[in-house]
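# Examining the three-dimensional arrangement
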Amino acid sequence: MRLRRGEGLLLLLLLAAYGWLFVFFARINNPNELVRVYAARALAEEQTWSIGRREIAFGRFVDVGRIHSEWGYVNDKALTCDVPGEQPPRCTGRLFAAKAPAASLLGAPVLMVLRAFGPLKKTSAVFALRWVCVILPSVAFWILLRRWMLDSGVPEAAALVSTLCGALGSLSLTYGQMFAGHQMAALALGAAFLCAFWGSFRPFWVGFFCALGVALEYPSAPAAAILVAAALLRHRRGGLRVALGAMPWMLVLAQFHWSAFGAPWSTPYGHLENPAFVRDIAPGFMGISWPSWERVYGSLFSPWLGLFFWAPWTALALLAPRWLRRFDLVPAAVIAYYLVFQITHALWRSGWTVGPRYITPVAPFAAISVALLVREAPRLLPILRGLGAAAVAATGLASAVCQGFPLEVINPLREVVGPLLAHGYVPRNLLQLLGVPGLWSALPYFVALAAAIALILQRSAVAIAIAAALIGIQWAAPPGKERGAVRFLAAQWEPDPPPGARPFTER
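A short tour of the structure in this document, coming up. Keep in mind that what you see is a predicted model, and the values were worked out from it rather than measured. (Residues numbered from 1 in each chain as written. Predicted model: local features only at pLDDT ≥ 70, side-chain atom pairs only at ≥ 80, totals over all residues. Heavy atoms only, no water.)

### What about the pattern of salt bridges?
How we decide: Within this document, salt bridges are pairs made up of a side-chain nitrogen of Lys or Arg and a carboxyl oxygen of Asp or Glu, the two lying within 4 Å of each other. Helix and strand assignments come from DSSP, with helices taken as H or I runs of at least 4 residues and strands as E runs of at least 2, each series counted from the N terminus. A 1.4 Å probe rolled over the protein chains alone gives each residue an accessible area, and that area as a share of the maximum for its type sets the label: buried under 20%, exposed over 50%, partly exposed in between.
With the rule as written, the count across this model stands at 22 salt bridges. Where Glu33 meets Arg130, a salt bridge forms, and the shortest distance between an N and an O atom there is 2.8 Å. Of this pair, Glu33 sits in helix α2 (residues 31-46) while Arg130 sits in helix α5 (residues 122-151), and the two are 97 residues apart along the sequence. The closest approach of N and O atoms between Asp63 and Lys77, which form a salt bridge, is 3.2 Å. Of this pair, Asp63 sits in strand β2 (residues 60-64) while Lys77 sits in strand β3 (residues 77-81), and the two are 14 residues apart along the sequence. An identical accessibility class is assigned to Asp63 and Lys77; each is buried. One network of salt bridges, with partners in common, ties together Arg5, Glu7, Arg146, Arg147 and Glu156.

So this is what it looks like as structure tokens:
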């Protein structure tokens, strides 16, 4: 991909922000990521979707198999019982990742190559999968999306600001550094949008990427349907080619469901082995029920999770219907779906997370919406600048130390992020490996964030005032009384403590 004018700096910023810090702590054993890694290894080494078995040993159920024996326990699994009529978890049987299969299938060839250099290790496998399947595609996507903005008549300044907001001031930054389905589904749906609404219509690839989005994350299905319907309505042709493009990933889904759970329509959600997860999604129909104020406030405004707290610029996307018309509103329709999904789903709390991770695909479509909005209403650009700078500061600092905060944390910035950085806790990176201590080893990352904020603000007095006010509000939000979370995370650090860090005296 040949770079255009102005893309060299953007490429460096994105590579430093997404790739400099390796935020991974093996002892936390994040199931959202690792169960997919386990499945990718099973495909690479044993050519099976099964990651092991559940057997009875010494009167209790245990997980066995080569991967479990070498890498240890992992949560978020599905269980197919050996005896018909029995129900998980009180049965023996085969274990699978309780996730859509595409991420593991895409990761398997990466691990096959990695095996050529020796036995697979958990940490090196995660590192390779993140770079090949998530980080590099994320960087390429944001550069291409900026090109689409420019080709769509968005002024250069607005295109750059919208791109930086989406790439570095949203869920995209946190989950663009994790081998999980959230960011990968966002990239697939974003690619489908570009194939439908950039240059010549490419119906095969619209179908391919929409189906890939569903095969990466099941909740992507309504968003994919919106994109397919909008593309066919606009171009009035290509339905058969869309279907042909979708076919490979639909076959992957059918084969995974059939081989693992006995029928093409049987998903992992019906075979969860963790009783707590079964209870979590029990309310409503497939976990969907009427929204409540708790869900609305928690999902959108709260310091511990809220989309508009962490990425306040995304609120501008809600103004799109006032200025935009017809097919420019397609991104707004995708955003609307994800917001409704978030506030109606039983798992709205999202577990350990930075922001509402299930709606990570909002990020690229919000960036598209605000870019088109500023194209039509240029006076909104200073507001976007201020909101975006605050988002980059909050999300960037949080993503520097953690990919998910424990549920008891009320204000992660004050309870976890500030104390960890003040004590010099920095994830592994190249300079740290060379002996550079503390925050100095993360200097390239922080320089990238500072440069992005400077490019967003561009000395606009209004933008600076808005950013300063929002940052003050974010950090002034009341914290919880407990302080165990920061000490727990520090105790999981690798190495413990990192070079130049000041250990927490109380554990």
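### Some points on the nonpolar core
Inclusion rule: To qualify as a nonpolar core, a set must consist of buried Ala, Val, Leu, Ile, Met, Phe, Trp, Tyr and Cys residues joined through side-chain atoms within 4.5 Å. Any pair of residues with heavy atoms lying within 4.5 Å of one another is described as a contacting pair.
Residues Leu168 and Trp313 are the most contacted members of the largest nonpolar core, which totals 178 residues. If one sorts the elements of this core by residue count, α5 sits on top with 14 residues. Residues in contact with Leu168, not counting those within four places in the same chain, are Leu14, Ala17, Tyr18, Leu173, Ala391, Val392, Thr395, Gly396 and Ala452.

### Focus on the packing of aromatic side chains
Any two aromatic rings considered together are summarised by their centre-to-centre distance and by the angle between their planes. Rules: Stacked, tilted and edge-to-face pairs are distinguished by plane angle, under 30 degrees for stacked and over 60 for edge-to-face with tilted covering the rest, among Phe, Tyr and Trp rings (Trp via its six-membered ring) whose centres lie within 6.5 Å. Note on criteria: charge over ring means Lys NZ or Arg CZ within 6 Å of the ring centre, with the direction from the centre no more than 35 degrees off the ring normal.
Within the structure shown, the criterion is met by 29 aromatic pairs. Taking the centre distance of 5.6 Å and the plane angle of 35 degrees together, the rings of Phe22 and Phe24 count as tilted. For the pair Phe22 and Phe24, one class covers both residues: buried. Its guanidinium or amino end placed over the ring of Trp71, Arg41 lies 4.6 Å from that ring's centre, counting from NZ or CZ.

### As for unusual backbone geometry
Glu494 connects to Pro495 through a cis peptide bond whose omega is -5 degrees. Along the chain, Pro495 falls in the segment after α23 (484-491). Along the chain, Asp496 connects to Pro497 via a cis peptide bond; the corresponding omega equals -5 degrees. Structurally, the position occupied by Pro497 is in the segment after α23. For Asn29, which is not glycine, the phi dihedral falls at a positive 60 degrees.

### Here we look at the layout of surface pockets
Short version of the rule: Site definitions follow a grid-based scheme: protein atoms alone, a 1 Å grid, a 1.4 Å probe that fits but cannot get out for cavities, and for pockets an open set with protein on both sides within 12 Å along at least five of seven lines, plus lining residues having an atom within 4 Å of a point. Grid points are joined across faces, edges and corners, and a volume is the space filled by probe spheres set on the points. The nonpolar class holds Ala, Val, Leu, Ile, Met, Phe, Trp, Tyr, Cys and Pro. Asp, Glu, Lys and Arg form the charged class, and all remaining residues, Gly among them, are polar.
A volume near 370 Å³ is recorded for the second largest pocket. Considering the residues around the second largest pocket, the lining is formed by 17 residues, among which Pro137, Leu187, Ala188, Ala191 and Phe209 are closest to the centre. Broken down by class, the residue content of the lining of the second largest pocket amounts to 17 nonpolar, no polar and no charged.

### Thoughts on the environment of Thr48
As a reminder, the rule being used: Contacts described as polar in this section are N or O atom pairs within 3.5 Å, which, within protein, must combine one atom able to donate a hydrogen with one able to accept it, while residues neighboring in sequence count only if both atoms come from side chains.
Relative to the helices and strands, Thr48 is located in the loop between α2 and β1 (52-57). Distance from Thr48 to Leu397, taken between C-alpha atoms, is 39 Å for residues 349 residues apart in sequence. Look past the residues within four positions of Thr48 in its chain and what remains in contact with it is Ala42 and Leu43. A distance of 3.1 Å separates a polar atom in the side chain of Thr48 from the backbone nitrogen of Ser50.

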